[in-house]
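# Results of the structural survey
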Amino acid sequence: KAGVTQTPRYLIKTRGQQVTLSCSPISGHRSVSWYQQTPGQGLQFLFEYFSETQRNKGNFPGRFSGRQFSNSRSEMNVSTLELGDSALYLCASSRRGNEKLFFGSGTQLSVL
Amino acid sequence: QKEVEQDPGPLSVPEGAIVSLNCTYSNSAFQYFMWYRQYSRKGPELLMYTYSSGNKEDGRFTAQVDKSSKYISLFIRDSQPSDSATYLCAMPSQGGSEKLVFGKGTKLTVNP
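Predicted, not measured: the structure shown is a model, and the values here were computed from it. (Residues numbered from 1 in each chain as written. Chains lettered and ligands numbered in written order. Predicted model: local features only at pLDDT ≥ 70, side-chain atom pairs only at ≥ 80, totals over all residues. Heavy atoms only, no water.)

Tallying the contact residues gives 18 residues for chain B and 22 residues for chain A. Together chain B and chain A conceal approximately 1700 Å² of surface at their shared face, both sides included; 53% is due to carbon and sulfur atoms. In this assembly, chain B and chain A are joined by 0 salt bridges. Secondary-structure elements contributing two or more residues to the side of chain B that touches chain A are β4 (33-38), β5 (45-50) and β10 (96-102) of chain B. Among the elements that line the side of chain B that touches chain A, the one with the most residues is β10 of chain B, at 6 residues. (Contact = heavy atoms within 4.5 Å. Buried area = accessible area lost by both parts, 1.4 Å probe. Salt bridge = Lys/Arg side-chain N within 4 Å of Asp/Glu carboxyl O. Helix = DSSP H or I, 4+ residues; strand = E, 2+ residues; numbered from the N terminus.)

For the structure shown, the criterion picks out 2 disulfides over all chains. Sulfur-sulfur distance for the disulfide between C23 of chain A and C91 of chain A comes to 1.7 Å. On the S-S bond that ties C23 of chain A to C91 of chain A, the torsion sits near -55°, and the link is left-handed. One end of the pair, C23 of chain A, is in strand β3 (residues 19-24); the other, C91 of chain A, is in strand β9 (residues 87-94), with 68 residues separating them in the sequence. As far as burial versus exposure is concerned, C23 of chain A and C91 of chain A are alike and both buried. Covalently, C23 of chain B is tied to C89 of chain B through a disulfide, its sulfur atoms 1.9 Å apart. Handedness of the C23 of chain B-C89 of chain B disulfide follows from its S-S torsion of about -100°: it is left-handed. On the criterion of sequence distance, the pair formed by C23 of chain B in strand β3 (residues 19-25) and C89 of chain B in strand β9 (residues 85-93) is long-range, its members being 66 residues apart. (Disulfide = S-S within 2.5 Å. Buried < 20%, exposed > 50% of the residue type's maximum accessible area, 1.4 Å probe, protein only.)

Residue and element names in this part refer to chain A. Positionally, S74 belongs in strand β8 (residues 74-78). Judged by relative accessible area, which is 0%, S74 ranks as buried. Engagement of the side chain of S74 in a polar contact is seen with the side chain of W34, the distance being 2.9 Å. Looking at S74, its side chain comes within polar contact range of the main-chain oxygen of R67, at 2.8 Å. Ignoring any residue separated from it by four or fewer positions in sequence, one finds S74 in contact with L21, S22, C23, V32, W34, R67, Q68 and F69. (Polar contact = N/O pair within 3.5 Å; in protein donor to acceptor, adjacent residues only side chain to side chain.)

Such coordinate-based values are descriptive only and should not be taken to indicate function.
This is how it looks when you write it as structure tokens:
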């Protein structure tokens, strides 16, 4: 059974640009969550989607947005990138969202 | 007060040692607890999942929950160099069960 797939693995952008990250969950999983991981703050929750609906959102500015498609695949978008957005962005899937999460390997975003 | 606190270490032990990793939490309503292991350049993977107080054992790993003290522990017996990783505790946030709150992680190195 294929795991959670995130693309791309690495991304370099400059300040002010926008970026879209993609996540394909494990087959049969309807919940997709996104987390930001930095050395200083650790893992922080961005948002969670279930059946195309955002059910929960973390304390991030509106520049961070996401969506989920009918096949459960998800994308997150960050607009007007700032240096502080440099981080590992992790996607996780689960059957219902309130239990065991399976993480992808992440997208390492560097903002220059 | 942070929802979850975890000593970041780093922790360095010789092969074969017993390792103890700990987290404290603030919300007495938390019902279940998880430990994730994260290797370098990888996403976290679920190691242990426990609902209640007491111990849960899985091979060389034992998860312990003390709800009266709001304290959880992960013990690793007969530690191996392959156990070298960052260990993160996690639990559902008071902001909603779809949102996990993570400790900042303890980096463990097991020396051969």
